[in-house]
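Okay, here's what each chain looks like letter by letter:
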Protein chains: 2
Amino acid sequence: MGVLKFGRYKGIAIAVIIGLLIGVAGGKFTWDSTPAQTTAQVSAASGGFVPPGQLDTDYMFASGGQAGTLITYGLPSMRIIKTIPVFAPDARTGFGFTPETKKMLGDLSWGDAHHPTMSQTQGTYDGNFCWINDKANNRIAQVDLRSFTTTQILNVPNLMGLHSLSTDPDSKYLFTASEYSAPVVDGKPNYAPLESYKDSYYGIVSVVDTNKAGVQAGQSGKMNLDYELIVPPYDYDLASVGKGASAGLAVFTAYNSEEASTDLEKNSAKFDRDLTLVMDYNAAQKLIDAGQQDAVINGVKVIDPRKHPGIAYLLPIPKNPHGVDISPDGQWICYSSKLDPVVTVVSTEKLKKAIANQDYATTTWGLPVIKYQDVQEAQIPVGVGPLHTQFDDQGYAYTSLFVESAVAKWQLGTWKVIDKESVNYNVGHIAVAGGDSMHPFGHWLVALDKMSLNRFLPVGPGYPVTEQLFDLSGGAKMKLINEVPSDREPHYASIIPAKLMHPLSIYQKDASRPNSIWSDDQAKVVRNGKDVTVYMDVVRSHLTPDQIEVNQGDHVTMYITNIEQQPNVSHGIAISDYNINAAADPGETTHIEFTADKAGTFPYYCTDFCSALHEEMMGYLLVKPN
Amino acid sequence: MGVLKFGRYKGIAIAVIIGLLIGVAGGKFTWDSTPAQTTAQVSAASGGFVPPGQLDTDYMFASGGQAGTLITYGLPSMRIIKTIPVFAPDARTGFGFTPETKKMLGDLSWGDAHHPTMSQTQGTYDGNFCWINDKANNRIAQVDLRSFTTTQILNVPNLMGLHSLSTDPDSKYLFTASEYSAPVVDGKPNYAPLESYKDSYYGIVSVVDTNKAGVQAGQSGKMNLDYELIVPPYDYDLASVGKGASAGLAVFTAYNSEEASTDLEKNSAKFDRDLTLVMDYNAAQKLIDAGQQDAVINGVKVIDPRKHPGIAYLLPIPKNPHGVDISPDGQWICYSSKLDPVVTVVSTEKLKKAIANQDYATTTWGLPVIKYQDVQEAQIPVGVGPLHTQFDDQGYAYTSLFVESAVAKWQLGTWKVIDKESVNYNVGHIAVAGGDSMHPFGHWLVALDKMSLNRFLPVGPGYPVTEQLFDLSGGAKMKLINEVPSDREPHYASIIPAKLMHPLSIYQKDASRPNSIWSDDQAKVVRNGKDVTVYMDVVRSHLTPDQIEVNQGDHVTMYITNIEQQPNVSHGIAISDYNINAAADPGETTHIEFTADKAGTFPYYCTDFCSALHEEMMGYLLVKPN
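Residues numbered from 1 in each chain as written. Chains lettered and ligands numbered in written order. Predicted model: local features only at pLDDT ≥ 70, side-chain atom pairs only at ≥ 80, totals over all residues. Heavy atoms only, no water.

1. Details of the overall build of chain A
Worth spelling out the cut-off: Secondary structure elements are defined from DSSP: runs of H or I of at least 4 residues count as helices, runs of E of at least 2 residues count as strands, and each element is numbered from the N terminus. Each radius of gyration reported is based on C-alpha atoms, and the globular scaling rule is 2.2 Å times the count of residues to the power 0.38. Using a 1.4 Å probe on the protein chains alone, a residue whose accessible area is under 20% of its type maximum counts as buried, one over 50% counts as exposed, and one in between counts as partly exposed. In this analysis, two residues are considered to be in contact whenever any of their non-hydrogen atoms come within 4.5 Å of each other. Accessibility throughout is a Shrake-Rupley quantity obtained with a 1.4 Å probe, and a residue counts as covered only by protein chains that appear here.
The secondary structure content of chain A amounts to 9 helices and 44 strands. Against the compact-globule benchmark of 25 Å for 626 residues, chain A has a radius of gyration of 26 Å, which places it among compact chains. By principal-axis analysis of the C-alpha atoms, chain A measures approximately 75 × 65 × 55 Å. Put simply, chain A has 626 residues, and 69% of those count as buried. Across chain A, contacts joining residues at least 24 apart in sequence account for 60% of those joining residues at least 6 apart. For chain A, the accessible area works out to roughly 18500 Å², and carbon and sulfur atoms hold 50% of it.

Printed below as a string of structure tokens:
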């Protein structure tokens, strides 16, 4: 569906993207989406309430966690506007039911979606794409924010537990790493006994090219895997890509420097500091461009940084660090230590100097270990269980405190904590609008809490999690103004002002699109041996043709075009007992294939309540018994 | 999972149900769920806003439409608290991933969920079950409202387009019918050419026994298909089961008295009145109990009502009637005519008299046709495109107007329209709290609108639908106080006050539960030839065992018990690359089975962020290559 869909609006896409890029390159966004509706005004009395008929001011894209989705919220109302299927089938949209999307999902019917990452141009969210990872099955998906659909899923070989996802200020690359180490073996099962963990297991850093150049040329922006690094068998947790002062670096937290492979909750918490990873990705790219990778493993160019000084360094950071987040100007690299109540700030300037001086503490796993005291700028006593830090546009940072169930606000430069607000309860990630980019928008902070006991009406033993919205615009103190439950469990979220988005409202009619038809008289059923192809159009209130007869065992292909050009008039098509539903939004052509192995009479019908005669919008598939 | 789950809390379930039933039988509800939190106070200033820390007052259960789910909202905030998977797999909860729930879903991975139906005791919602139908695949599911999980899916043979779902005041039966007619054939494909539609196609009414007696005895309330009627090949749309004055009757709307099988949007809209169905289900049950069914077709007892006078009657109703809804006292049967701007009110008393007098207009398809003028009490000019009617506790009725995009409020008895409010836009169903039962609660009305253009931030060519909340407590006029988008598309919803619900907060520890273990030292891996069984416990922050080695090709069964007894501490378990995720809520045992056909090293990990050491809660599955 992705390929087809993109084809459908390639013309518009080119215009929009080029327009946007020119706008951004010129220093401002030229696209203006101000809607006819008024937008929300937040008042103290009504918190985040957005009265009927008013629009939210911002979008939030949150991962859907184990549901494998990307969830679109409106802020400040916190209403879910759309759930975008990414790693799991979704009959509602036909995702995973059309041949194109079935192929995209492969043999997998779920994903563990963690870290939505917004595309950026010159360090600002540009509203083009949102990428998101699947920790369980080591994949990265690309969601097109014009159509709000998943347009690519990239399998990333060699690593296990693909957990982090971060991009550079121009979104040329995506960086990720293995949360769990594993044997790395070419062309054979990656089996090695756990007794050999320290020798046979590796961490992996993967670098993905987003094909930004392709996007600029109006292409679909297909990602491809650029190269990987093998790294020590620690557990790589979060990543952050440098910007401004730190441009060209990518940093990764890691726990389990102990290299334990059992009882991790005890055995990986023994050392006071863990060795985290600092990578010079320009140096790595230069090596790759010169064809000097050390191996090609399962089709991926792999660098062993032990053999190439200047690519990877280890940096000790207090206890089981979780998040690492770089300040908007790139100067400060902020590590949150799960098991030490501090955020450690590393100075980019000092880090670069330490690397330039080559004055290392020691060498571990063949990699130089930077001296902690050489690069540390500050240790901020933020509170217990710090996990993640985000930044606003006023020089402040915000750190989530899982154990303390609070968010700490502190100042860059003075390193003073100036506010702390309780959350309910056990906050994981936090999201500030634009808070991981060079140009944060501030204003909103959402705390993604993991527990919700007593916060919402009870719904049985499986509790929801809680998302809490803070207003940052009222001075030093953060103000809690709204909260909503969420099915378990969004991990990270990104917030973007509505005016930076440029969604399509329909797919344009494209008479040259393969297999589409645009009027009832073009509808037809074509038989070629046992292959039957149906060219169908749908429009209020009929499906044409509305009678199809095939023989048992025929292979049936249906191309279904919604010929409406009015926004909001979508049609679905279900075939009873054939486990098929697909949807076609205005101007879209969708595609169904199945083998008519069950004989009998099977109604098909529109599944979107599209008109007063919606229920009359049906037909019969007759499968004649052999 | 359903079977296992129920087993787990059977003891509690018995106590709760018996307690509740006694309470209800005594004329009041004795169970009091008033939470520690304050509950929402609605103010004019804040509309439906529920400030952080306050609870909603009511639950709304809405069908998830093509997503095959049941969605739990809180009112008045309209926040989605929990999405319950019903007809489609959901990795988040393990539904469709455990052997028990895979079996429940069969070969199907989606459903078109339409009409949630709340269980009732003496005509009042009792908070025990919510049943919901799958229009696409002709199934009815039972959702247990103590655990908020799907506990049974019943396939209903012989009919196509299972659309309506209604229950009697004691929820002894569920009634449904075929929206689409089809051949009815025993033991062979139901194939017949469309040319023979009028002779070979039939409508079907299906009556399901909810096993209420079983529920009362503390059993699981498993539904079974009681019997079916064959009826004329019209398109049966909605159903309503009699109560009070009309107890023992079930009424069904139908369009397509024209018996068309093509171009239905034209050909089924030719007659000014359609023949709807009136059924005396006590008479039908008596026949079944006496073993006097006319046939057994695909395992179902079937009555041909043409052969048994006194079971089924046809009743002409103006043009393509959609909803039929019976007033709380059972006196008034209200038909909404899609293509005629009226609600037709039929008097139960007159209907019974007409049947007793046997003075019919004619006979069609072998069934007596009741004279319209004999039974009609009123025709209310509600507005254009009436679809559904609900009732409050003050003697008012509310009818949705699809074409007019409005809800009309009118008075029972005077038949006067006293208010009409616009909705945005094209409302299908409406839900008033308890509004289809003998004891409506009134207060809230939700309009389930099909369009949302300009109501929410744009999200690409696939628009959400809109749910709008009206406050009915302010006198004659309905007041719009909140609106939320929803993924396409909830059809119907039921609203129940929170105090009538009795959800579980955990599953009790049950040491006698088969395959469960309750401490780390009971954890084990048992090999029997190529069958490997793992007995695992999960608790913050470890999975025991955390190393499992099997041989390629082994069949692996895992029983995983969450031994926590603290509410809100759920754990998930994902196995990388094996397309497996399951969840275990506190005290729950879940179950995974797979063949270890891929050799290599596969991390498994907890997918619910359960503690500061959640990420350390992992293990390794090693599959040794052959």
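2. As for the side chain of S171(A)
All names here are of chain A. Quick note on the threshold: We call two N or O atoms a polar contact when they sit within 3.5 Å, provided that within protein one can donate a hydrogen and the other can accept it, with sequence-adjacent residues counted only if both atoms are side-chain atoms.
Within the secondary structure, S171 is located in the loop between strand 9 (166-167) and strand 10 (173-180). Classification of S171 as buried rests on a relative accessible area of 0%. One polar contact links the side chain of S171 to the main-chain amide nitrogen of Q120, over a distance of 2.7 Å. If near-sequence neighbours (up to four positions away) are discounted, S171 is found in contact with M118, S119, Q120, W131, T210 and K212.

3. Regarding the sheet that holds strand 38 (residues 547-551) of chain A
Residues and elements named next belong to chain A. Just so we agree on the cut-off: What makes two strands pair is DSSP finding at least two bridges between them. Only the stretch in contact is used when fitting a helix axis, every axis being a line fitted to C-alpha atoms; angles between N-to-C directions are given from 0 to 180 degrees.
Across the sheet, which stays open at both edges, the 5 strands sit in the order 38-44-43-40-41 with mixed pairing between neighbours. The open sheet terminates on both sides in strands that have one partner only, identified here as strand 38 and strand 41 (580-584). Put simply, the sheet's adjacent strands are angled 15 degrees from each other on average, direction ignored. The pairing of strand 43 (residues 600-605) with strand 44 (residues 618-624) spans 6 bridges and is antiparallel. In the sheet register, Y605 faces strand 44, and the bridge partner there is M618.

4. A look at helix 7 (residues 281-289) of chain A
All names here are of chain A. Heads up, the rule is: In this context, the arc is that of the directions from the helix axis out to the C-beta atoms.
Looking at helix 7, one finds that the buried residues are Y281, A284, Q285, L287 and I288. Projected onto a plane normal to the axis of helix 7, the buried residues spread over an arc of 155 degrees and lie on a single side. Of the exposed residues in helix 7, those oriented more than 90 degrees away from the buried face are K286 and D289. Capping of helix 7 at its N-terminal end is provided by D280; its side-chain oxygen lies 3.2 Å from the backbone amide nitrogen of N282. Immediately beyond the C-terminal end of helix 7, within one or two residues, lies G291, with a positive phi of roughly 70 degrees.

5. Re the relation of the copies chain A and chain B
To keep it simple, the criterion reads: A least-squares fit on C-alpha atoms brings the copies together, and the residues used are those whose pLDDT is at least 70 in both copies.
Least-squares fitting of chain A to chain B yields an RMSD of 0.0 Å, with the superposition described by an axial translation of 0.0 Å and a rotation of 180 degrees. In short, the pair behaves as if placed about a two-fold rotation axis. By C-alpha distance to the rotation axis, the residue of chain A lying nearest is S46(A), at 2.4 Å. An overlap of 100% is found between the interface residues of chain A and their copies at the interface of chain B, pointing to a shared contact surface.

6. Looking at the pairing of strand 4 (residues 117-121) of chain B
Residue and element names in this part refer to chain B. Along strand 4, 5 of the 5 residues are buried, which leaves the element largely enclosed by surrounding structure. Sheet analysis places strand 4 next to strand 5 (residues 124-134), joined by 4 bridges and oriented antiparallel. Within strand 5, the residue paired with T121 across the bridge is T124. Once strand 4 ends, the chain turns through 2 residues before running back antiparallel as strand 5, passing Q122 with a positive phi of about 50 degrees.

7. Re the packing of aromatic side chains
Put simply, the test is: By convention, a stacked pair of Phe, Tyr or Trp rings (six-membered ring in the case of Trp) has centres within 6.5 Å and planes under 30 degrees apart, an edge-to-face pair has planes over 60 apart, and any other such pair is tilted. When the NZ atom of lysine or the CZ atom of arginine is within 6 Å of a ring's centre and also within 35 degrees of its normal, the charge is said to sit over that ring.
According to the stated counting rule, one finds 43 aromatic pairs over all chains in the structure shown. Measuring from ring centre to ring centre gives 5.8 Å for Y605(A) and Y180(B), while their planes differ by 40 degrees; the resulting arrangement is tilted. A residue pair is termed interchain when its members come from two chains, as with Y605(A) in strand 43 and Y180(B) in strand 10 (residues 173-180). Between W410(B) and W415(B) the ring centres are 6.2 Å apart and the planes differ by 45 degrees, which places this aromatic pair in the tilted class. Grouping residues by exposure puts W410(B) and W415(B) together as buried. Joined through ring pairs, the aromatic side chains of Y59(A), F61(A) and F148(A) make up one cluster. Just above the ring of Y605(B) sits the side chain of K135(A); from NZ or CZ to the centre is 4.2 Å. Stacked on the ring of Y578(A), the Lys or Arg K598(A) has its end atom at 4.8 Å from the ring centre.

8. Side note on the environment of M160(A)
Within the secondary structure layout, M160(A) lies in strand 8 (residues 160-162). For M160(A), a relative accessible area of 6% puts it in the buried group. M160(A) sits 18 residues away from S178(A) along the chain, and the two C-alpha atoms are 5.2 Å apart. Those residues in contact with M160(A) that lie beyond four places of it in its chain are N138(A), S178(A), E179(A), Y180(A), A182(A), N190(A), S576(B), D577(B), T601(B), F602(B) and P603(B).

9. Quick notes on the sheet that holds strand 2 (residues 69-75) of chain A
All names here are of chain A. What the 4 strands build is an open sheet, ordered 3-2-1-34; its pairing is antiparallel. Strands with a single pairing partner mark the edges of an open sheet, and in this sheet they are strand 3 (79-85) and strand 34 (493-497). Shown here is a sheet whose adjacent strand axes are inclined to one another by a mean of 20 degrees, direction ignored. By the bridge criterion, 6 bridges tie strand 1 (residues 58-63) to strand 2 in an arrangement that is antiparallel. Looking across to strand 2, one finds that Y59 is bridged to G74.

10. Notes on the interface of chain A and chain B
Convention followed: Buried area is a sum: the accessible area each of two parts loses on coming together, probed at 1.4 Å, counted once for each and added. Salt bridge, as applied in this entry: a Lys or Arg side-chain nitrogen positioned within 4 Å of an Asp or Glu carboxyl oxygen. Here the term charged refers only to Asp, Glu, Lys and Arg, the term nonpolar to Ala, Val, Leu, Ile, Met, Phe, Trp, Tyr, Cys and Pro, and the term polar to all other amino acids, Gly among them.
With 134 residues of chain A at the interface, the matching set in chain B holds 135 residues. Summed over both sides, the interface between chain A and chain B buries roughly 11600 Å², with carbon and sulfur atoms accounting for 58% of that surface. In this structure, the connection of chain A to chain B is made through 8 salt bridges. Residue R488(A) pairs with D608(B) through a salt bridge whose shortest N-O separation is 2.7 Å. Seen at the junction of chain A and chain B, the total is 62 residue pairs in polar contact (both at pLDDT 80 or more). For the side of chain A that touches chain B, the element with the most residues is strand 33 (residues 479-486) of chain A, which contributes 6 residues. Across the side of chain A that touches chain B, the residue classes break down as 67 nonpolar, 39 polar and 28 charged.

11. What about the pattern of salt bridges?
This model, assessed by the stated rule, comprises 41 salt bridges over all chains. In this structure, D554(A) and R527(A) form a salt bridge, with 2.7 Å as the shortest nitrogen-oxygen distance. Here D554(A), found in the loop between strand 38 and strand 39 (555-562), pairs with R527(A), found in strand 35 (residues 524-528); they are 27 residues apart in sequence, far enough to count as distant. Its salt-bridge partner being D272(B), residue K319(B) comes within 3.8 Å of it at the nearest N-O pair. Residue K319(B) is found in the loop between strand 19 (312-318) and strand 20 (321-326), and its partner D272(B) is found in the loop between helix 6 (264-267) and strand 16 (273-280); the two are separated by 47 residues along the sequence. Look at the salt bridges and you will find they share partners, linking D90(A), R92(A) and D487(B) into a network.

12. Some details on the pairing of strand 28 (residues 406-411) of chain B
All names here are of chain B. With 5 of its 6 residues buried, strand 28 lies for the most part within the structure. Here strand 27 (residues 396-401) pairs with strand 28 via 6 bridges, running antiparallel. Pairing of S400 across the sheet is with V407, part of strand 28. Connecting the antiparallel pair strand 27 and strand 28 is a turn made up of 4 residues, with S405 showing a positive phi of about 55 degrees.

13. A closer look at the environment of G553(B)
Note on placement: G553(B) falls in the loop between strand 38 (547-551) and strand 39 (555-562). Along the sequence, G553(B) and V623(B) sit 70 residues apart, while their C-alpha atoms lie 8.7 Å from each other.

14. Here's the deal with the confidence of the model for chain A
Residues and elements named next belong to chain A. Rules: As a per-residue measure, pLDDT reflects the predictor's confidence and takes values from 0 up to 100.
When the pLDDT values of chain A are averaged, the result is 93; 92% of them are 70 or greater. The low-confidence segment residues 1-36 (pLDDT under 50) makes 67 contacts with residues lying over four places distant or belonging to another chain. Overall fold confidence for the complex sits at a pTM of 0.94, while the interface term, ipTM, reaches 0.93.

15. Considerations on unusual backbone geometry
Cis geometry is found at the peptide bond from N424(A) to Y425(A), where omega equals -10 degrees. Here Y425(A) shows up in the loop between strand 29 (417-422) and strand 30 (427-432). Looking along the chain, the bond that leaves T544(A) and enters P545(A) is cis, with omega of 5 degrees. In this model, S171(B) sits at a positive phi of 50 degrees, which is unusual for a non-glycine residue. A positive phi angle, near 55 degrees, is found at N579(B), a position not held by glycine. Along the polypeptide, N579(B) turns up in the loop between strand 40 (571-575) and strand 41 (580-584).

16. Digging into the environment of M501(B)
Structurally, M501(B) is set in the loop between strand 34 (493-497) and strand 35 (524-528). Sequence separation between M501(B) and N137(B) is 364 residues; the distance between their C-alpha atoms is 30 Å.

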